[in-house]
Each structure stands twice: as C-alpha cells, then as structure tokens.
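Okay, here's what each chain looks like letter by letter:
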Amino acid sequence: MKSLADAASWTALREAYTAAVALIGGGKRVADHSYLHVSLVQEHDGALEQLVAQAAALATVTDGAFDVVRFGRRTPEIALLAYPRFFDEPFPALACSWRLDILKGEVIRTDFADRNNPPILHRKELLLSDEHPRRPEFEALTRGLEDYGAFDRPSWLIGTRAAWAAVLDDLGLRVDDGHVLVTEQPPSSPQIQRHRTAIARSKLSAPMQALARWGLLKNATVLDYGCGRGDDVRALVQAGIPAIGWDPHFAPDVPREPADVVNLGFVLNVIENPAARCRALEGAYSLVGHVLSVAVMLEGKGTGRAHGDGVVTKRQTFQKYFSQAEISRYVADVLGREPVPVAPGLLFVFRTDEAEQSFLACKQRSAVLDRDGLDLAFPAAPRPARSASERKRRAAEPRPPKPSAYEANRDLLEAWWSACLEMGRVPDPDEFDDYDTLIDAVGSAKRAFAALPYPNRDTQLAEAADRRRGDVTVYLALNLFERRRSMTALPPTVQRDIKAFLGSHKAALEHAKAALFAVGASERLTEAVDSGAAAGLGVKAADGDYTFHIDNLSRQPPPIRIMVGCAERLEPIPEDCDLIKIHPAEGRVSFLMFDDFLNKPLPTLRRRLSVNLRKLRVQEGEPDPPEHRRLLFGKSRFVNQGFPRYDTQARFDERIKAVGAYFTEGLGVSQVTLTSRLITAGITLNGYKVLRLK
Ligand SMILES: C[S@@+](CC[C@H](N)C(=O)[O-])C[C@H]1O[C@@H](n2cnc3c(N)ncnc32)[C@H](O)[C@@H]1O
C-alpha cells in the first residue's frame, strides 16, 4: 500500500538523511544497507533518532510497531521493520515492513504476517550495541552455527524460514532454547555426523599427554575445544588442573572462555566443511593465552567414500587425513603464526614469540622426557637427569670435612648447585628462586661456590657449560634452519646463555650457522659420530652409520642433534621411536620402532621411517611380514647403563655372542633364521636365558 505525505516533511527528511546516516556506528551491514535495532538507534546521537521519528511519522507507524530500522547507505532509503518476536525467537520472522523511498517521497508497506515462508533474521547480536545484555547469548548461537558451516551459503538460500529450516535439517542441527543441538536422526545431506567421532578415553589423549610432559599444564587453565565426551577434562580436573571443555554436541552450554592452554584435539580432521574447519581453528586460537595444541589424524590410517577433501566413513563420519607438512602449512596459513611440530600430527602454536622461543630452548635442553607415562606435576623446565657416570663420580669423591657454611645451609646450597649444573653457569638473581636467602646466608655467589664440598666442582661446572653451549648451539641452528620469525624474541635466559657461552649475539649466530652447515658435510658428521661412539652414546657400524637410543639424543654431539632436529622438521619423531640411526654418507636419518623394545632381549623391528635431508623426502619402509622381521642384536650396546635390566641384557648379549649366534651388533637376521641357527648350534632361548639343548 502506498501513502503520500506532505512535501515539506519529505524535504526535511531528505535534508536530515545524509548527515544523520553518517553518524551510524555498529549495526549489521548487508550489501548497501545497515540494520539497527531500535535500542541501538536510541543510543546514537539524537539526530538519528530524530530521523527515524520523522520517517515513522511519514509512514504513519506508531512507536513500538517496528523493532528494526534499515538504512540505505548509497540510496536514501529507510525501512521500518517489524519483528514482533525479535527477542523471543532465535531467527525471528518479519511481520511487516514500511519502506520509505526518500527521493521519490513514497512509502511502501508490505505485510508478511500471513505468509507461510516469511523472511527471517540471523545474527541478531549485530543489530544490538556491544553492551546489550542479550548480545553474548545471540553471539554464542551464531558461533555455534558457524562451527557447523550453517552460514556458508548465499544469503538468499538461508534468508527465509523454509530455506533456513532445510539448511539446518541438512546439517542435522536443531536450535533449541538458543543452543545448537545435533539431531540424532541422520540428516538428509550431507550425512556427516561429526560428534560420532568422539570416543570414550581411558587415558589422556596424546595432545594432553604431550602438554603435560612438556610442563605446559603446570599452573595453567585449560580449555578443551571440541572436548568430545570430556574424559580428558575430567582427568585434568581430578589432577587439580582447572580445565573446562566445550563441544558443539556434547557440551554446547559450557562457555568458551579464554585459557592459558587450549587443546583442539582431533577436531579439524572431522570437520568436512573447509570454512567451518578454518573457523574452528581461529576460534580456538582466539581464546589462547599461552599455547594451542592442535592434533589431527595423519594420512594413511583409514578408508571411506571420497567426500570433499576427505572421506566419509561407514558411520557417516568425515575424516580428513593430513600429512605432517600439510597440517603445519595449514595452521601457519590460517593463524599467521608458525606452529612447532611436537609429534606426528601434533603441533603447538604459541601466543607470543617469547613463549615460542622459551619452548624451543627448553626443548633442546630436555630432549629426553618421561616417555613411559604421564606425570601431571611435570616441572616447567625439566631438569636433565644426572648421568650415571656423573652420579658415580660424585659418590666416589672424597668429601673433605664439611665447611660450616655448607653444613648450615646444605639444602639451599645443594639446590643452588643443582641450578648451576643445570644452567652450566651461576644463575642470575632472577633465575634462582631463593637467591636472596642464599645471599643472606653465605654472602655472595662466589662464597656459595667456595662453600661447596666438591673438589671437582670447577670441572663439573665446565662440563655442564659445555653441554649448555651445545644446547644453545643446537637451538640457534634449528631456529636458523626453520627460519623462525620469532627468533628476534630470544628469552632473557637464552640471551644470558649466549653471552656466557658464545660471546656476542653475532658470534653466536655465526657459530650456529657453522654448526648447521656441518650437518651437510659428511666428514664433519663422521667426526661427530666418532665422538658420540667414543663416549658410549651410540654404536658406529662398519659402513659408518651410527645408531643410538632415543633417550641418548640430548647427549649426542651438536651436529647429530641438529641433524635429527632438521629431520624432525619434515617428520616429527614418532612417539614410539626406540632407536635413531644416522647415515652420514647419505644425509639421512631413520627412526626405528621395535616390538616391545623395553622388555625383549632381541626386539623385532616393526616400523622404519627414513628422512632424507638432501632430497627433503620422508619414506616409510615397507613392513616385512612378521616372521621375516629383523631382530636387534646386542641391545645393551645401544642403551645406557640406567636402562631397565641393563646388566641382565649385557650378560645375555655376551652369552649369545659366545655361542656364535650372531657376529655383528645391530639389525640382523629374522626370528625364523635365528631359530634354525640356534638349533644347529644346540641352543634355545627362554627370555633372557640361553640354554643348551639336551
Ligand atoms: C574426534 S572427536 C575428539 C574429541 C576430543 N578432543 C578427544 O580427543 O577425545 C571430535 C569432536 O569435535 C567436535 N566438533 C565438531 N565440530 C566442531 C567444531 N566446529 N568446533 C569444535 N568441535 C567440533 C565433535 O562434536 C567431536 O566431539
């Protein structure tokens, strides 16, 4: 219906329009229009409210008959829109509109109240002011829907009640009391049931374990984003860690609040919609205070019908199998921040450069972690265990009559001395918690050092300094190799290390560069291999290859650690890796996984991953059939004396060698061949026992 108003009022409206519309702040922008709820209009300068009042008068609409005002940004036009259930329905329907064409001076009224399929409103929060009390609730609903990709269609496809209902139905969603729920019935299309991927867990998930192992859960709040059935969260809470979990299906009501640590565990790989996948990653990272862990399924672990960039399984779940390089690139592209690969399919993304560099420095200081289990109270910067030889040496040292300063402050001085040995230098005041107490007790760091009852303390500190020099070199070299942008933000402790061990920053970088290049020179690598083998840290074979147990990685000479670090950039060390093999002549690193390496006297090679640094290629060795898998001979030579049952293993190795069953240490014949050789030699094996056949 059209109504004409008197010309003077239209002229006044035209004159007021441009200036008043320029005042608009906020509201929802769609194409060339801005939509504002009347409450937001009222919060603007009086001119905008006055304009709307003039428009309402011209349209002969009473105050309160409309809820939303739409302003044309390019063409002078105002529409007064009635959404009577604006605050009561998640997607209120338009009941009536009065559109004022200001240039023509006419009003068009359209009634939608009796229509079966009226236009509806989404993202209501955008029409309200930031402070409006209902805004957070509306925002949460929008985010929930975005997570499922509900808005990934053109607006004409979601703009009416029926079309929107079809979209929700397609996605298997229902909105109930302002929350997004996943319906139990399989939706018509696409039939993806993301929540069905969630499994019940009897132990912490791999990403949570890694966070705990690296000490990142200590004193941290945790948000498990896409927590599934919530078993991780329950375990953390039980261990006293303040953790909450949100999941669009299992825990939609839990508020997604910022936390120090956010875990996005095995979520990205179950989201079939690329835009929603990207939003989940951004959403999780937006809440991170310190670190985000991202875990995905890696390629080659399942099958299904092709769908988008992944597969749909028989259970109507979606899986996108990433490659290691792909997930790293994806995270870097979406977040604009380089992730740190931690394990296969697992990345950490730090909030700040400083946090990233602290972690990298700590990673080099503590390549050996508790691989057997989870210690939730893991210290923030794990202290390397004293080597057995060091322990022996310390125990054997004759102790002079103890100076009284030591006697009186034994615990304090021991704690300080441990810190010295860990850091390879005397800690600065802010690097030792009880520094003030120490100074009060003994006067100075120099006196504290003199009070120690260890005649070899200078040598010990020099050895520790050597080790730390190696750590810092490896850390800087890997930073250079990875071209990490965060490198400009070296943490204060690292800066002090550089000063203490390598001189200036420039000299340290030169030193690190040289160490990195050494990895490409086989003769320099061979030197490192020889020194590692001489120190009993690994075994050098006749062909020059060098094999060592993963627990000895952090003690290897820097070129070897750098080489492994470079390989890790292409393929993180598998969690179940037992031995690492360096092939200096080929520029290759292999990760070897055995069947029960810990308990078997002759472990069987189960899997082998090889990273060729010259060709930048990762290769998985074809698995042998179980009966032809090769055995590892001489296990005691590859581990150190602290390894469980070391002495029993060493005796076993001697005995089996003595009977002539094998001649070289390392990977040898299969179980089948060994058994026939042993029979010929009149021998049988029972666990660690080598028995003569009667
Ligand atoms: C494989 S489960 C992983 C659950 C849990 N993180 C774990 O490791 O046990 C994937 C979970 O992601 C949830 N999910 C689906 N879409 C999501 C989204 N857009 N944002 C966050 N989580 C989502 C599913 O409901 C499901 O519970």
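Values in this document were obtained by computation on a predicted structure and should not be read as measured data.

**Student:** Would you mind showing me how to read the packing of helix α1 (residues 7-21) against helix α3 (residues 46-58) here?
**Tutor:** A packed helix pair is summarised by two numbers, namely the angle formed by the two axes and the spacing between the axes. As a packed pair, α1 and α3 sit with axes 9 Å apart at the nearest point and diverge in direction by 150°. As judged from the angle between their axes, α1 and α3 are roughly antiparallel. At the point where α1 passes α3, the crossing takes the left-handed sense. In this structure, α1 uses S9, W10, A12, L13, A16, Y17, A20 and V21 to contact α3, whose residues at the interface are A47, L48, L51, Q54, A55 and L58. Broken down by class, the residue content of the contact of α1 with α3 amounts to 12 nonpolar, 2 polar and no charged.

**Student:** Hey, could you run me through the pairing of strand β7 (residues 106-111) in this one?
**Tutor:** A regular strand places its side chains so that they alternate between the two faces of the sheet. Summarising the sheet, strand β6 (residues 96-101) and β7 pair through 6 bridges and their orientation is antiparallel. Bridge pairing in β7 links D101 to E106. Between β6 and β7, which pair antiparallel one after the other, the connecting turn spans 4 residues, and G105 there sits at a positive phi close to 70°.

**Student:** Hey, could you run me through the packing of aromatic side chains in this one?
**Tutor:** Any pair of aromatic rings gets described here by the distance separating the centres and the angle formed by the planes. Counted by the stated rule, this structure contains 15 aromatic pairs. For the ring pair F151 and W164, a centre distance of 5.5 Å and an interplane angle of 10° mean the geometry is stacked. Here F151 is found in the loop between α4 (135-147) and α5 (155-158), whereas its partner W164 is found in helix α6 (residues 161-171), with 13 residues between them in sequence. Grouping residues by exposure puts F151 and W164 together as buried. Ring plane angle 85° and centroid distance 6.1 Å describe the contact between F652 and Y688, whose orientation is recorded as edge-to-face. Of this pair, F652 sits in helix α22 (residues 646-658) while Y688 is found in the loop between β27 (683-686) and β28 (689-692), placing the two residues 36 residues apart along the sequence. A residue is classified by how much of its surface remains accessible, and F652, at 1% relative accessible area, is buried. Overall, Y688 belongs to the partly exposed group, its relative accessible area being 21%. Three or more aromatic residues joined by ring pairs make a cluster, and in this case those are W214, F348, F350 and F359. A cation over an aromatic ring shows up here: K124 above the ring of F138, its NZ or CZ 4.0 Å from the ring centre.

**Student:** Sorry if this is basic, but what is going on with the pattern of salt bridges here?
**Tutor:** When the charged atoms of two side chains with opposite charge come close together, those side chains can pair. The full count for this structure, using the stated rule, is 38 salt bridges. A salt bridge links R99 to E77; the nearest nitrogen and oxygen atoms lie 3.4 Å apart. Of this pair, R99 sits in strand β6 while E77 sits in strand β5 (residues 77-82); the two residues are 22 residues apart in sequence, bridging distant segments of the chain. On the basis of relative accessible area, R99 is assigned to the partly exposed category, the value being 28%. The shortest N-O distance in the salt bridge between D176 and R174 comes to 3.4 Å. By relative accessible area, D176 is classed as partly exposed at 36%. Linked through salt bridges whose partners overlap, the residues forming this network are R425, D428, D430, E431, R468, D471, R496, D497 and R561.

**Student:** Honestly, the pairing of β28 in this entry has me stumped. Any pointers?
**Tutor:** Pairing analysis gives 4 bridges linking β27 to β28, with the strands arranged antiparallel. Directly across from I683, in β28, lies its bridge partner R692. Remark: 2 residues form the turn of the hairpin made by β27 and β28, two consecutive strands paired antiparallel; G687 in that turn has positive phi of roughly 60°.

**Student:** Whenever I open this one, a negative patch on the surface confuses me. Can you help?
**Tutor:** There is a patch of like negative charges on the surface, built from D433, D434, D436 and D440. Tracing the sequence through the fold places D436 in helix α15 (residues 435-442).

**Student:** Before we go on, may I ask you to explain the site of the ligand in this structure?
**Tutor:** Around the ligand, the structure places 20 residues, and the nearest of them are D147, R201, G226, D247 and G265. Between the ligand and R201 there is a distance of 2.8 Å, counted from an oxygen atom to a side-chain nitrogen or oxygen. Look at the ligand: alone it shows 590 Å² of surface, and the protein chains cover 97% of it. Residues that form the shell around the ligand fall into these classes: 10 nonpolar, 6 polar and 4 charged.

**Student:** For this particular structure, what's the right way to read helix α11 (residues 353-365)?
**Tutor:** Helical periodicity: at 3.6 residues per turn, an α-helix aligns residues three or four positions apart in one direction. Here α11 is 13 residues long and its end C-alpha atoms lie 18 Å apart, about the 18 Å a rise of 1.5 Å per residue gives. Those residues of α11 that fall on the buried side of the exposure criterion are A355, E356, Q357, F359, L360, A361, C362, K363, Q364 and R365.

What counts and how
The residue numbers shown here count from 1 along each chain, following its written sequence. In view of the model being predicted, local features appear only for residues whose pLDDT reaches at least 70, and side-chain atom pairs are presented and counted only at 80 or more, with totals across whole chains, interfaces and linings using the full set of residues. Neither water nor hydrogens contribute to the side-chain values; these are computed over all heavy atoms in the structure. Axis definition: a line fitted to C-alpha atoms, over the contacting stretch in the case of helices. Angles run 0 to 180 degrees between N-to-C directions. The secondary structure listing takes helices from DSSP runs of H or I that are at least 4 residues long and strands from runs of E that are at least 2 residues long, numbered from the N terminus. Any angle that is under 35 degrees is reported as roughly parallel, and any over 145 degrees as roughly antiparallel; angles of 65 to 115 degrees are reported as roughly perpendicular and all others as oblique. Left-handed is the label given to a crossing in which the near helix is rotated counterclockwise from the far helix by less than a right angle, and right-handed is the label when the rotation is clockwise. Here, two residues are considered to be in contact whenever any of their heavy atoms come within 4.5 Å of each other. Put simply, Ala, Val, Leu, Ile, Met, Phe, Trp, Tyr, Cys and Pro go in the nonpolar bin, Asp, Glu, Lys and Arg in the charged bin, and everything else, Gly too, in the polar bin. Only strands that DSSP links by at least two bridges are regarded as paired with each other. Pairing of aromatic rings covers Phe, Tyr and the six-membered ring of Trp, with a centre-to-centre limit of 6.5 Å; geometry is then stacked below 30 degrees between planes, edge-to-face above 60, and tilted otherwise. Exposure classes here rest on a 1.4 Å probe applied to the protein chains alone. A residue is buried below 20% of its type maximum, exposed above 50%, and partly exposed in between. Two conditions define a charge sitting above a ring: the NZ of Lys or the CZ of Arg must be within 6 Å of the ring centre, and it must be within 35 degrees of the ring normal. Within this document, salt bridges are pairs made up of a side-chain nitrogen of Lys or Arg and a carboxyl oxygen of Asp or Glu, the two lying within 4 Å of each other. The residues that make up patches have over 30% relative accessible area and no salt bridge, and they are joined within 9 Å when like-charged or within 5 Å when they are Val, Leu, Ile, Met, Phe, Trp or Tyr. Using the Shrake-Rupley algorithm and a 1.4 Å probe, accessible areas are obtained, with residue cover drawn only from the displayed protein chains. Positive charges come from Lys and Arg alone, negative charges from Asp and Glu alone, with His and the N- and C-terminal ends not counted. Taken as the charge centre is NZ of Lys, CZ of Arg, CG of Asp or CD of Glu, depending on the residue. Here a residue is considered near a molecule or strand provided that any single heavy atom belonging to it is located within 4 Å of it. A 3.5 Å cut-off defines polar contacts: any pair of N or O atoms within that distance qualifies, except that in protein one atom must be a possible hydrogen donor and the other a possible acceptor, and neighbouring residues in sequence count only when both atoms are side-chain atoms. Take the number of residues in a helix, subtract one, and multiply by 1.5 Å to get its expected span.

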